[in-house]
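Coordinate analysis (summary)
Letter by letter, the chains look like this.
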Amino acid sequence: MNPDILHGLAQASLPTSLLSTAVGALLGLVVGMIPGMTISSGIIIVLPLTFVLDPTISIALLLGLYVGGMMGGSFSAILLNIPGTPSASATLVDGHPMAARGEAGKALGVSITAGFAGGMFSFLCLYLIAPSLAEIALRFRAPDLFSLVFFGLTVICGFAARSVVKGLLSAAIGLLIVTVGQDPMMGTARFTFGNTDMLGGIHFLTALIGLFAIPQLIDNLRPGLTGRGSAQPQARFGSLLPRLAELKRMVRPVSIGSLTGAFLGILPGVGGPIAAFISYDYTRKTSRNPEDYGKGALEGVAAPESANNAVTGGALIPMMTLGIPGDPVTAILIGALLVHGLAPGPLLFMERADFAYTVIFSFFWANVFNLIIALAGLRLLVKLLALPKAALMPAIAIFCVIGSYALRNSFFDVQVMFAFGLLGLAMRWIGMPVVPLLLALVLGGQLEEHLRVALTASKGDISVFFTSPFSLLFLCLSAVSIVWPFVSAHRRRRAQSGLEKE
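Reading the values: the criteria
Residues numbered from 1 in each chain as written. Predicted model: local features only at pLDDT ≥ 70, side-chain atom pairs only at ≥ 80, totals over all residues. Heavy atoms only, no water. 1 Å grid on protein atoms, 1.4 Å probe; cavity = no way out; pocket = protein on both sides within 12 Å on 5 of 7 lines; lining within 4 Å. Points joined across faces, edges and corners; volume = space filled by probe spheres on them. Helix = DSSP H or I, 4+ residues; strand = E, 2+ residues; numbered from the N terminus. Nonpolar A, V, L, I, M, F, W, Y, C, P; charged D, E, K, R; others polar. Patch = residues over 30% accessible without salt bridge, like charges linked within 9 Å, V, L, I, M, F, W, Y side chains within 5 Å. Areas by Shrake-Rupley, 256 points an atom, 1.4 Å probe, with all protein chains shown as cover. Salt bridge = Lys/Arg side-chain N within 4 Å of Asp/Glu carboxyl O. Phe/Tyr/Trp six-rings, centres within 6.5 Å; stacked < 30°, edge-to-face > 60°. Buried < 20%, exposed > 50% of the residue type's maximum accessible area, 1.4 Å probe, protein only. Lys NZ or Arg CZ within 6 Å of the ring centre and 35° of its normal. Axes fitted to C-alpha atoms, helices over the stretch in contact; angles between N-to-C directions. Parallel < 35°, antiparallel > 145°, perpendicular 65-115°, else oblique. Left-handed = near helix turned anticlockwise from the far one by under 90°. Contact = heavy atoms within 4.5 Å. Core = buried A, V, L, I, M, F, W, Y, C linked by side-chain atoms within 4.5 Å. pLDDT = per-residue confidence, 0-100.

Some words on empty space enclosed by the protein
With the rule as written, the count across this model stands at two cavities of 30 Å³ or more. Looking at the second largest cavity, its volume works out to about 40 Å³. Residue lining of the second largest cavity: Pro55, Ser58, Ile59, Leu62, Ala336, Leu337, His340 and Phe355, and that is the complete set. Mapped onto the lining of the second largest cavity, the elements with two or more residues apiece are helix H4 (55-80) and helix H15 (328-339). Here the lining of the second largest cavity takes four residues from H4, the largest share from any one element. Across the lining of the second largest cavity, the residue classes tally to six nonpolar, two polar and no charged.

What to know about a nonpolar patch on the surface
Together, Leu49, Phe51, Val52 and Val339 give the surface a local cluster of nonpolar side chains, amounting to about 400 Å² of exposed area. Tracing the chain through its elements places Val339 in helix H15.

Considerations on the packing of aromatic side chains
Evaluated as defined, the whole model comprises 11 aromatic pairs. Here Tyr127 and Phe361 contribute two aromatic rings whose centre-to-centre distance is 5.8 Å and whose plane-to-plane angle is 55°, an arrangement assigned as tilted. With a gap of 234 residues between them, Tyr127 in helix H6 (residues 104-128) and Phe361 in helix H17 (residues 353-376) connect regions that are remote in the sequence. Residue classification places Phe361 among the buried positions, given a relative accessible area of 10%. The ring of Tyr282 has Lys285 sitting right over it, with the charged end atom 5.2 Å from the ring centre.

Some details on the packing of H4 against H6
Here H4 crosses H6 at 160°, and the two axes come no closer than 10 Å. Looking at the two axes, H4 sits roughly antiparallel to H6. Crossing of H4 over H6 shows right-handed handedness. Facing H4, whose interface residues are Met71, Ser74, Phe75, Ile78 and Leu79, H6 presents Ala104, Ala107, Leu108, Ser111, Ile112, Gly115 and Phe116. Its residues assigned to classes, the contact of H4 with H6 shows nine nonpolar, three polar and no charged.

Some words on the environment of Asn308
Within the fold, Asn308 resides in helix H14 (residues 298-322). Judged by relative accessible area, which is 0%, Asn308 ranks as buried. With near-sequence residues (within four places) excluded, Asn308 lies in contact with Met70, Ser87, Ala88, Thr91, Gly272 and Ala276.

Side note on the nonpolar core
In this structure, Ile43, Tyr66, Met320, Leu333 and Leu441 are the most contacted members of the largest nonpolar core, which totals 94 residues. The biggest single contributor to this core is helix H21 (residues 435-457), with nine residues. Excluding its chain neighbours within four sequence positions, the residues that come into contact with Ile43 are Leu62, Leu65, Tyr66, Val329 and Ile332. With 30 residues, the next largest nonpolar core counts Ile82, Ala104, Leu217 and Val254 among its residues.

Some points on the confidence of the model for the protein
Per-residue confidence for the protein gives a mean pLDDT of 79; residues scoring 70 or more make up 83%. Ranking the elements of the protein by mean pLDDT puts helix H9 (residues 156-160) last with 59 and H17 first with 89. Ignoring residues within four places in sequence, the model shows residues 224-238, a span with pLDDT below 50, making 36 contacts including any to other chains.

Laid out in C-alpha cells, this is it:
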C-alpha cells in the first residue's frame, strides 16, 4: 500500500485526532439542532481555536463539526417539525409525521442509519474516484447549472399534483420573495421600498424558521400548556432502530440519496437542499406506494438523509483535488488549511499527499463518531417529546428569535421571521402547501443568477441551453419530472374507476 495512505490513516487515528473528531461531531449535532444556527456559523465560532492547534487536530475538529451538523439538523426537523439546517427541510415532510404517530425513535434511527450510509458512500467516492468526478464537475458551465437548478425546481410539481393551482402559486410567491434585495448582475436595488435593511434580501434561514417554527409553536400551544409532546416516545431502545425488514426497504432510497448527494455535492454552490429534495422526489416516483409519502413513509426519511450526508464528502472532492470549495463550509475549510500553510488543490496530493490522506481518513472517522454519538444520545433526544410544553415551547421560541437575530445581527430578521410565521399560518389555513415556497426560496437565487450569466455570455441566444449535452440532459429530466406526477395520478384514477366498474 502507498506509504502516504498508511501515514494519513495513522495520523487520523491518533488518540488526539480521534478525540478532536468526536468533540467536533458532538458540537455539530448541537449546532445542527438549533434553528437558525448554520454549520458555517458553528465552524466560524470554533475556527480561531484551530489557529493554535496542530493541522491534523484542526481539520479533524472541523470535519467532525461539518458531518455532525448535517445530521443534527434532521433531529429538530423530526422531533419538532423545525428543520435545524436547510438540508433537513425535506426530512420533516415524512420525519415529523412519523414522530406524531409515536415513531419518533424509529424516524431518528432511520435518519442516523441512512446518514451514516450516505456519508460512507461519499467517503469511498472521495478516496477512490475523486479526481475523475471533479473533472466532470469542472465541465459544468452556467447553462448546465441553470438546467440543473431548474431540474431541482421541478420537484415542486410532485408536491403540487394534488392541488396544482395552490402548489404553483406557493412557488410563485417564493420566487417573488427571492427578487427582493439587490440585482445579482447589476447590483441595483429591487423591491426594497427605500428600506436599507432589505438590500441584503430575505435570508433563507429566517424565512425557514418563520414558516415552520411559528405555526408549529401555535399548533402545540393550542390545546393548552399543561400537556406534553404530541407523541409519546417509544420506551425500548431496540425499537428505536430499524429492523432487518426496514433496512431492506431502505436500500433503494439510500442508494438514490447517496448517488445524488455525492454527485451534486461536487458541483460548486449546489449544496444539500437540492440533493435532498431531488432524491426525495425520485424515491417517491419510483416507489410502489407513492401515496404514503408525506404521511410518515420510512423511505421519505432515508432518501434525503443519505443525500445530506453524501453531499459532505462530495463537496470535499473539488476542495481536495482542485482547491475549489463545493459549498460555504468547504470554503471555510480552505481558509483554515491556508492558515497552516497548506493549499488545497492538485499540488497538495503531490507535495503533501500524507496530509491529503489524513483529511480523507479524518472524514471517515467523523462519520463513525457521528454514528456513535448520535446513537448514544438517541434516548435523550426522543425524550424531548415527553417534556412539558410549558418548558419546551418557550425554549424553542427563544432559540428561534436568537437564531434569526444571530444570522446578520439584525432585529429586522426577527421581524421577517415573525412575518413569515404569519404567512405560514395563512397558507396552512387555506390548504396551500409550504414546501413549493420553501423550494423556490432555496433555488430561486441560483436559478436567476445562472440564467442571467448564461444569457449574457450567449448574447441572449437561448439555444445555448439545448446545445450543451449536460444542459439538455437536465432539461429532459425536468420534462419527465413535470409530467410524471400527473401521469401517475391519471393511472391511479383509471385503476380506481376500473375497480369500481368491476
